[in-house]
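Results of the structural survey
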Amino acid sequence: MHPPVPEEPALRTRPSPRPLSAALALLLCAAACTSGGGSHDDSDGVPGARPGAAGVGDRLFPGLGNGGYDVTRYRLTLGYSPDSHRLEGTAELTARTTRALSSLNLDLAGLRVRGATVDGEPARTARTGTELTLTPAAALPEGRTFKATIVYDGRPKTISDPDGSEEGWIETEDGAVGLGEPTGSMAWFPGNHHPSDKAAYDITVTVPRGYTAVSNGELAGRAEHGDRTTFHWRTAEPMASYLATVAIDDFDIHTTTTDGTLPQYVAVDPGLADRAAGLPDQVTEVIDWETRTFGRYPFSSTGAIVADLPDLGYALETQTKPVFPSPPGEALLVHELAHQWFGDSVTPRAWKDMWLNEGFATYAEWLWEEDHDGRTAQEIFDDFYDGTDDESEGIWAFPPASPPSAGRVSDPPVYGRGAMVLHRVREAVGDKTFFAILRAWTRDHRHGNADTRQFIALCEKKAGQDLQDLFDVWLYGDGKPASATAPTR
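Residues numbered from 1 in each chain as written. Predicted model: local features only at pLDDT ≥ 70, side-chain atom pairs only at ≥ 80, totals over all residues. Heavy atoms only, no water.

Pairing geometry for strand E2 (residues 69–81) and strand E3 (residues 86–97), over twelve bridges, is antiparallel. Paired with arginine 73 across the bridge in E3 is threonine 94. In terms of strand pairing, E2 meets strand E13 (residues 199–208) through seven bridges, oriented parallel. If you follow arginine 73 over to E13, its bridge partner there is alanine 200. (Pairing = 2+ DSSP bridges. Helix = DSSP H or I, 4+ residues; strand = E, 2+ residues; numbered from the N terminus.)

With that settled, consider the sheet that holds strand E20 (residues 302–306). Pairing within the open sheet is mixed, and its four strands lie in the order E18-E19-E20-E21. Only two strands of the sheet have a single partner each, and these edge strands are strand E18 (252–258) and strand E21 (323–324). With seven bridges connecting them, E18 and strand E19 (residues 262–268) associate as antiparallel partners. Its bridge partner lying in E19, isoleucine 253 is registered against alanine 267. Along the sheet, helix H2 (residues 279–294) makes contact with E18, E19 and E20, crossing E19 at roughly 140 degrees. (Contact = heavy atoms within 4.5 Å. Axes fitted to C-alpha atoms, helices over the stretch in contact; angles between N-to-C directions.)

Attention now goes to the packing of helix H4 (residues 355–371) against helix H5 (residues 377–386). For the pair H4 and H5, the least separation of the axes is 8 Å and the interaxial angle reads 130 degrees. As the angle between them shows, H4 and H5 are arranged oblique. Between H4 and H5, the residues in contact are Tyr363, Trp366, Glu369 and Glu370 and Ala377, Gln378, Ile380, Phe381 and Phe384, respectively. Residues that form the contact of H4 with H5 fall into these classes: six nonpolar, one polar and two charged. (Parallel < 35°, antiparallel > 145°, perpendicular 65-115°, else oblique. Nonpolar A, V, L, I, M, F, W, Y, C, P; charged D, E, K, R; others polar.)

Right, let's get into the packing of helix H6 (residues 412–429) against helix H7 (residues 431–444). Running from N to C, H6 and H7 cross one another at 130 degrees; their axes reach a closest spacing of 7 Å. Compared by their axis directions, H6 and H7 come out oblique. Where H6 crosses over H7, the handedness of that crossing is right-handed. Across the interface between the two elements, Leu422, Val425, Arg426 and Val429 from H6 touch Asp431, Thr433, Phe434, Phe435 and Ile437 from H7. Its residues assigned to classes, the contact of H6 with H7 shows six nonpolar, one polar and two charged. (Left-handed = near helix turned anticlockwise from the far one by under 90°.)

Time to look at the sheet that holds strand E1 (residues 50–51). An order of E1-E4-E8-E7 is seen for the four strands of this open sheet, with the pairing classed as mixed. Here the strands that pair on one side only, and so sit at the sheet edges, are E1 and strand E7 (124–128). Bridge analysis of E7 against strand E8 (residues 131–135) gives five bridges, and the strand direction is antiparallel. Its bridge partner lying in E8, threonine 128 is registered against glutamate 131.

Moving on: the pattern of salt bridges. Inspection of every chain in the model, using the stated rule, returns 23 salt bridges. Arginine 73 serves as the salt-bridge partner of aspartate 202, at 2.5 Å between the closest nitrogen and oxygen. A residue pair is termed long-range when its members are at least 10 positions apart, and aspartate 202 in strand E13 and arginine 73 in strand E2 qualify at 129 residues. Owing to a relative accessible area of 4%, aspartate 202 belongs among the buried residues under this scheme. One salt bridge connects aspartate 431 with arginine 426, and the closest N-O pair in it is separated by 2.8 Å. Judged by its relative accessible area of 9%, arginine 426 falls in the buried class. It is possible to trace a salt-bridge network through shared partners that takes in Arg73, Arg75, Glu92, Lys147, Asp202 and Arg234. (Salt bridge = Lys/Arg side-chain N within 4 Å of Asp/Glu carboxyl O. Buried < 20%, exposed > 50% of the residue type's maximum accessible area, 1.4 Å probe, protein only.)

Here is the structure:
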């Protein structure tokens, strides 16, 4: 995530689309008829079965995620009507229990649950805040692979973050965009919404004819039926739910290949098309440079989405296709595409390690500038230390690896001072070792989760030296170090 400077586009109107298809309405009715009450044996003779936890224990976001199972795949079947802003959805989760469960929780904000099943049998549902509890007809033993299906509908909500920004389901002039960092994905589908539980995704979206629905991964199918169009997107590589997106509008679409082999899909709001005319070529150029710098691109496609969101205030690194609220500048594009390696492929195990996303993506901006006849990374570092860079304000407020609260997880220390940590490592170990560290980090944790402790261990292993004093000062130390080269306390 990185805040761009928004510009005001012209507003447009379009004819109102017709209502959603009868097929989804019938599906909702069928689910409602089969998911009501009935006899449920919570333990069913399964030793040790008990309710799953309502959170994974994240220090900054204790209510996010759910304990007792890991999701391996989401299949989301959605229908959206922009005139009424109504969403109809069926979410099928394939998951595996990590302990015996008498019930399990999912995160869901708003929306009405019409019914649910577990392995095809009706399951009881209960709601408390953003917690949706499913109680299956029979308890699930440890190590059991199961499918949970939830049918739901309603007008998805916009969620206000602890830092005051907005996410969730964001309505545009002509459509909508789903944005998820850190909690917004629960506004449009139920799931295990913590970055530690990554999964593959199949997302099928039906919209009125004339609209395009864009999501993560590759377009696996498109079908016209009457006055509706269905788009099927598939993401085979694991993805954290906060990186999932659906964008609906009458987009201009640009398809090509990066480096001749990697599919590239760029969707641009037509009112912004002139200002974004060079974006497909820019995406290709940046992906090529970042591949040379950070190692093999981690996904099977790339691209971007430019929506009409002048008041959003940030861009987001949604997997394979970052979302921009207006045509991005060069530095912003570099930042969000760098997240495909740092944050999307290698995802923090907990939100306190957000600097592993933002510090790395910010340092990618520094490296790009250094390689493209701008300031050197050392000069940028000095400008941050001296406070003369425009983005250096507030970077000493807290240590980048220790955000004090959920509302501070995207504050300047996580970005600017996080990048300074990486530059100090580069100074300490030399360029050859430093870039070997970056490539090993993206290779060794590809499509997985990792934390700060593992990054420090990798740096020390590659460098063959103890770097704890450096990290104590720059990553964990309070306040501004006494000098720009301070290696110790």
